[in-house]
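# Structural overview for review
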Amino acid sequence: MSKLLAFVTLAVVAHQAASVAVWGQCDAGSTCVYSNAWYSQYAPPPPVTTTVAPPVTTTTPPSGGSGSGTGLNGKFTSHGKKFWGSCADSGTFGIAANAAILKSDFGAVTPENSMKWDATESNRGQFSFSGSDALVNWAVSNGKLIRGHTLVWHSQLPSWVSSISDKATLTSVIQNHISNVAGRYAGKLYAWDVCNEIFNEDGTLRSSVFSNVLGESFVSIAFTAARAADSTAKLYINDYNLDSNNAKVQGMVALVKRINAASKLIDGIGTQMHLSAGGAGGAQAALTALASTGLDVAITELDIAGAAPNDYTTVVKACLATPNCVSITSWGVSDVNSWRASSTPLLWDTNYKPKSAYTAVVGAM
């Protein structure tokens, strides 16, 4: 564990801007994979292809749960917001203390790794849903909404996808992947992060197999496929460093307006908000700029190094002051399970005790 914490510390220290540029995610039982100074992630073990039955079926999607009347979700939704959620997967909702807080304080869950491409289709046409089914079943049985994460992302992408160079082949592969993954959970999810982290910091498209082969059209291809697979889920485009009214935010706004010009494909914009200490000052300007599209805006992966009460309340107040800001999702419950554990960025400490930031946030609502 000490070696893992040392690695995460090095990754976070690599970029000290107000917004966190180092990117990574983890879940219990995962393996740390280093890509470069900007990207490091915790990848789950290679999935095993399964033929398990679809997840439990209900006549209506999960209600979202009530959370605790005095907890995060109860307080937040009292202002007309949709939910305050947390990321989760079997490695964390399987921890009793973690699950208890998910049930009492959160109204939704986002799968941390189990719905990503490498977890669901590591080999072409062979799908594994054991992890994602477990997450969906837990959420449904506990009355929580679900944000699917994520359908098209350049990272945690199997090599067989990244090696495709033919436009027709890649288009078909995207459509088939989304049809199977989003289609499996049609009617059960509140939202999907359809495209994730597709921008450079200057607002241009990131170089990836998707943009290199298909150009910007891969965005429309993905959102069209997602809508065909699930007619009721809110479809989001999600990215990091959308934490001030910067060039990346402006690039996002411009692309969303282009994509939606003919017909509305994108329903919402997700800003991850992995923040450094003191980095919350631009949150209001960012949310206002993103809301100028007329779409829903969600804070999708919130954590803040040091978890200073003022940083957290600044973000929460910005969302409360922005009508289009419909939800907040924390990227974990306790610091002990955070991908940024050494920076203690969450609202509960390593012993699952609420921090002063938690008290401040509840008080601010």
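Above this text is the structure in question.
Summary of the structure given here. (Residues numbered from 1 in each chain as written. Predicted model: local features only at pLDDT ≥ 70, side-chain atom pairs only at ≥ 80, totals over all residues. Heavy atoms only, no water.)

### A word on the overall build of the protein chain
- On a plain count of helices and strands, the protein chain comes out with 14 helices and eleven strands.
- By residue count, 58% of the 365 residues in the protein chain fall in the buried class.
- Long-range pairs, those at least 24 residues apart, make up 77% of the contacts in the protein chain between residues at least 6 apart in sequence.
- For the protein chain, the exposed area adds up to about 12900 Å²; of that, 55% sits on carbon and sulfur atoms. (Helix = DSSP H or I, 4+ residues; strand = E, 2+ residues; numbered from the N terminus. Buried < 20%, exposed > 50% of the residue type's maximum accessible area, 1.4 Å probe, protein only. Contact = heavy atoms within 4.5 Å. Areas by Shrake-Rupley, 256 points an atom, 1.4 Å probe, with all protein chains shown as cover.)

### A short note on the packing of aromatic side chains
- With the rule as written, the count across this model stands at ten aromatic pairs.
- Their ring planes at 20° and their centres at 5.4 Å tell us that F93 and W138 sit as a pair that is stacked. Note that F93 is positioned in helix α3 (residues 90-93) and W138 in helix α6 (residues 130-141), a separation of 45 residues in sequence.
- Owing to a relative accessible area of 10%, W138 belongs among the buried residues under this scheme.
- For the pair W117 and W160, a centre-to-centre distance of 6.3 Å together with 70° between the ring planes defines the contact as edge-to-face. Placement of the pair is W117 in helix α5 (residues 117-120) and W160 in helix α7 (residues 159-162), with a sequence separation of 43 residues.
- Exposure remark for W117: the relative accessible area of 3% places this residue in the buried category.
- With relative accessibility at 17%, the residue W160 sits in the buried group.
- Three or more aromatic residues link up through ring pairs in this structure, and these residues are W117, W160, F210 and F218. (Phe/Tyr/Trp six-rings, centres within 6.5 Å; stacked < 30°, edge-to-face > 60°.)

### Some details on the side chain of S114
- Relative to the elements of secondary structure, S114 occurs in the loop between β4 (108-111) and α5.
- Separated by 2.7 Å, the side chains of S114 and D89 make a polar contact.
- In contact with S114, other than residues within four places in its own chain, are D89, A119, T120, G131, S132 and L135. (Polar contact = N/O pair within 3.5 Å; in protein donor to acceptor, adjacent residues only side chain to side chain.)

### Some details on the pairing of strand β11 (residues 325-330)
- With six of six residues buried, β11 lies mostly within the body of the structure.
- By the bridge criterion, four bridges tie strand β3 (residues 83-88) to β11 in an arrangement that is parallel. Across the sheet, the residue bridging to G85 is T329, located in β11.
- Note that strand β10 (residues 296-304) and β11 share four bridges and pair parallel. Across the sheet, residue A298 finds its bridge partner in β11, namely S327. (Pairing = 2+ DSSP bridges.)

### A look at the state of the cysteines
- The full count for this structure, using the stated rule, is one disulfide.
- Paired by a disulfide, C319 and C325 hold their sulfur atoms 2.1 Å apart. Between C319 and C325, the S-S torsion sits near -100°, and that sign places the bridge as left-handed. For the pair shown, C319 and C325 are each scored as buried. (Disulfide = S-S within 2.5 Å.)

### A word on the nonpolar core
- Formed by 95 residues in total, the largest nonpolar core has its most connected members in L72, W84, I178, W192, C195, F210 and I237.
- The element contributing the most residues to this core is helix α10 (residues 217-229), with eight residues. (Core = buried A, V, L, I, M, F, W, Y, C linked by side-chain atoms within 4.5 Å.)

### Considerations on unusual backbone geometry
- Geometrically, the link from H149 to T150 is a cis peptide bond, its omega value of 0° lying close to zero.
- For T150, the position within the fold is in strand β5 (residues 145-153).
- The residue N241 is not glycine, and still its phi comes out positive at about 60°.
- When you line up the elements, N241 lands in the loop between β7 (234-239) and α11 (247-259).
- For N241, a relative accessible area of 6% corresponds to the buried category.

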